[in-house]
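Breakdown of the fold
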There are 2 protein chains.
Amino acid sequence: MEKIKLERKVLSRNDLLAAELRSLFERENVAVMNMVSSPGSGKTSLLEKTLGSLSRKLSIGVIEGDIQTDNDAARIAKTGAPVHQIQTGGACHLEAEMVRKALTHFRLEDLDLLIIENVGNLVCPSAFDLGEGLRVVVISTTEGDDKPMKYPAMFRSAHVMVINKMDLLPHTDFDIEKAINHARSLNPDIKILNTSCRTGEGLDEWSELVTAFVHENV
Amino acid sequence: MEKIKLERKVLSRNDLLAAELRSLFERENVAVMNMVSSPGSGKTSLLEKTLGSLSRKLSIGVIEGDIQTDNDAARIAKTGAPVHQIQTGGACHLEAEMVRKALTHFRLEDLDLLIIENVGNLVCPSAFDLGEGLRVVVISTTEGDDKPMKYPAMFRSAHVMVINKMDLLPHTDFDIEKAINHARSLNPDIKILNTSCRTGEGLDEWSELVTAFVHENV
């Protein structure tokens with residue numbers, strides 16, 4: 001039934017291309033993760049920590065999506081990981097076509113994991129499949145606990161929600177339980193992790209989650 | 001190409017309608033402010049403080065833009081100000097047409113100031129003129145000082161940048177001078193204010209700025 005429904009669905013051009021990318025990633029045995037969030041949630045910092053802890057065990061490439069700058073790619077390059085910056089030139093999200101073009105900058109056969117850091121935007125990237133196997137939405141304790149309710153499409157489409165900047169929790173009104181309940185009401189299967197790149201809280205669990213995802217896929 | 005053409009058409013239609021709204025606001029002597037930011041920068045808290053300090057002197061109406069919830073309208077309604085919630089139903093920004101429809105919920109002739117709180121998004125709302133006289137971009141110290149460089153269209157189009165959550169500054173790596181220099185390099189005329197809704201820092205200057213804007217316009 002699922003298959004018939006899927007076949008009947010009129011796939012948009014992005015969805016078609018994303019499906020092609022997904023097949024390519026499977027053939028090349030590359031696990032692909034798409035990280036989405038508001039601007040300033042700490043995605044790039046979390047990514048730096050991830051590369052620091054996992055790059056001895058896994059071969060990881062990074063695609064950075066930003067509207068204009070290459071600041072984030074420069075930060076990632078310092079970790080030694082192969083990185084390519086996509087500048088969307090005004091577009092508020094990455095699309096599968098942009099990822100396809102960026103792949104020419106990598107040797108997919110050498111990678112275990114490709115991490116795509118999307119443009120900072122809690123709205124538009126939710127609608128654009130990039131062929132990823134894992135979608136991670138990062139929120140921070142300073143953004144308010146109402147984000148899952150206010151941006152439901154993103155939290156419905158994500159496999160994992162990371163609540164970052166836990167070190168700032170005591171200085172905010174953020175209600176962790178409320179944020180978690182809202183996210184689960186939208187998406188009962190969503191995995192939830194609390195992290196802080198400053199204190200290291202939750203980073204071991206995060207690394208384990210990413211490693212398990214790679215091992216399932218490769 | 002098709003997509004770009006379509007976007008241009010939508011934008012020019014929006015610009016035409018925004019120009020009509022601007023004429024209407026001038027005829028009715030209403031000053032209009034459009035507040036834009038990332039999700040969770042503290043726009044709604046700043047708005048609550050603004051209404052608290054100015055509503056005895058000015059007649060203020062509020063339009064809230066959100067994708068799905070009416071949480072923010074409920075918060076604003078508690079201040080006693082007339083408020084109408086626009087639920088964009090997935091759209092990542094407000095458009096002039098949405099504002100035009102929302103105006104039927106207000107008696108414009110009774111208002112000195114109409115404040116529009118846009119959808120939390122640092123990208124797309126920059127391209128949609130709502131007929132406002134003042135565009136205010138709010139960033140917070142927890143988002144990182146690179147936001148002006150990474151989302152330049154928004155900072156070029158804004159008249160005022162508010163750096164909010166100054167109370168959290170000691171707990172972050174946010175470099176105020178860097179953020180200000182970046183914003184001014186994009187937009188030399190941008191006015192800049194530092195605020196904290198927790199400690200009250202900068203709120204008097206903010207109220208003065210808003211009051212001066214209303215008096216210039218009315």
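Residues numbered from 1 in each chain as written. Chains lettered and ligands numbered in written order. Predicted model: local features only at pLDDT ≥ 70, side-chain atom pairs only at ≥ 80, totals over all residues. Heavy atoms only, no water.

**Here we look at the overall build of chain A**
Looking only at helices and strands, one finds 9 helices and 7 strands in chain A. Counting over 218 residues, chain A shows a buried share of 57%. Counting only contacts in chain A whose residues sit at least 6 apart along the sequence, the fraction spanning at least 24 positions is 71%. Of the roughly 9500 Å² of accessible surface on chain A, 49% is carried by carbon and sulfur atoms. Once the 25 positive and 32 negative side-chain charges of chain A are each reduced to a mean point, those two points are 3 Å apart. (Helix = DSSP H or I, 4+ residues; strand = E, 2+ residues; numbered from the N terminus. Buried < 20%, exposed > 50% of the residue type's maximum accessible area, 1.4 Å probe, protein only. Contact = heavy atoms within 4.5 Å. Areas by Shrake-Rupley, 256 points an atom, 1.4 Å probe, with all protein chains shown as cover. Lys, Arg positive; Asp, Glu negative; His and termini not counted. Charge placed at Lys NZ, Arg CZ, Asp CG, Glu CD.)

**A few points about the environment of Val123(B)**
Residue placement: Val123(B) occurs in the loop between β4 (113-117) and β5 (134-140). Considering only alpha carbons, one finds Val123(B) and Tyr151(B), 28 residues apart in sequence, at a separation of 6.5 Å. Among residues more than four places away in sequence, those in contact with Val123(B) are Ile67(A), Gly90(A), Cys92(A), Gly120(A), Asn121(A), Tyr151(B) and Met154(B).

**Regarding the pattern of salt bridges**
Applying the stated criterion across every chain, the model contains 28 salt bridges over all chains. Of the charged contacts, one joins Asp173(A) and Arg198(B) as a salt bridge, the two residues approaching to 2.5 Å between their closest N and O atoms. Of this pair, Asp173(A) sits in the loop between β6 (160-164) and α8 (176-186) while Arg198(B) sits in the loop between β7 (191-194) and α8 (203-217), which puts the two residues in different chains. In this structure Arg198(B) comes out as partly exposed when scored by relative accessible area, which is 49%. Each member of the salt-bridge network shares a partner with another, and the members are Asp66(A), Asp72(A), Asp146(B), Lys147(B) and Lys150(B). (Salt bridge = Lys/Arg side-chain N within 4 Å of Asp/Glu carboxyl O.)

**Some remarks on a negative patch on the surface**
Residue and element names in this part refer to chain A. A contiguous patch of negative charge, built from Glu201, Asp204, Glu205 and Glu208, is present on the exposed surface. Positionally, Glu208 belongs in helix α9 (residues 203-217). Judged by its relative accessible area of 54%, Glu208 falls in the exposed class. (Patch = residues over 30% accessible without salt bridge, like charges linked within 9 Å, V, L, I, M, F, W, Y side chains within 5 Å.)

**Details of the relation of the copies chain A and chain B**
Mapping one chain copy onto the other needs a rotation about an axis and a shift along that axis. When chain A is brought onto chain B, the operation consists of a screw motion whose angular component is 180 degrees and whose axial shift is 0.0 Å, with 0.0 Å RMSD remaining. Taken together, these values place the two copies in the relation of a two-fold axis. In this assembly, 94% of the residues forming the interface of chain A have copies in chain B that are likewise at the interface, indicating an isologous arrangement. (Least-squares fit on C-alpha atoms with pLDDT ≥ 70 in both.)

**Comments concerning the nonpolar core**
Counting residues in each nonpolar core, the largest one holds 47 residues, and the members touching the most others are Phe155(A), Met161(A), Phe155(B), Met161(B) and Ile163(B). Elements represented by at least two residues in this core include exactly β5 (134-140), α7 (152-157), β6 and α8 of chain A together with β5, α6 (152-157), β6 (160-164) and α7 (176-186) of chain B. (Core = buried A, V, L, I, M, F, W, Y, C linked by side-chain atoms within 4.5 Å.)

**As for the sheet that holds β5(A)**
All names here are of chain A. Taken in spatial order, the 7 strands of this open sheet run β3-β2-β4-β1-β5-β6-β7, and their pairing is parallel. Each of the sheet's edge strands pairs with one partner strand only, and the pair in question is β3 (83-87) and β7 (191-194). Mean inter-strand twist for the sheet, computed between neighbouring axes without regard to direction, equals 20 degrees. Across 5 bridges, the pairing between strand β2 (residues 60-66) and β3 is parallel. Across the sheet, residue Asp66 finds its bridge partner in β3, namely Gln87. Most of the contacts of α9 go to strand β1 (residues 31-37), to which it runs at about 140 degrees, and overall it touches β1, β4 (113-117), β5, β6 and β7. (Pairing = 2+ DSSP bridges. Axes fitted to C-alpha atoms, helices over the stretch in contact; angles between N-to-C directions.)

**Overview of the confidence of the model for chain A**
Residue and element names in this part refer to chain A. Per-residue pLDDT for chain A has a mean of 93; in total, 94% of the residues score no lower than 70. Between residues 1-10, whose pLDDT stays under 50, and residues either more than four places distant or in other chains, the model counts 1 contact. Our summary of model confidence lists the complex with pTM equal to 0.90 and ipTM equal to 0.85. (pLDDT = per-residue confidence, 0-100.)

**Observations concerning the interface of chain A and chain B**
Between chain A and chain B, the residue contacts involve 34 residues of the former and 33 residues of the latter. The largest per-residue losses of area from chain A upon contact with chain B belong to Pro39(A), Lys150(A) and His171(A), which jointly make up 22% of the total buried on that side. At the junction of chain A with chain B, the criterion picks out 6 salt bridges. Our count for the chain A to chain B interface comes out at 12 residue pairs in polar contact (both at pLDDT 80 or more). Put simply, the parts of the chain that give the side of chain A that touches chain B at least two residues each are α4 (71-77), α6 (147-150) and α7 of chain A. (Buried area = accessible area lost by both parts, 1.4 Å probe. Polar contact = N/O pair within 3.5 Å; in protein donor to acceptor, adjacent residues only side chain to side chain.)

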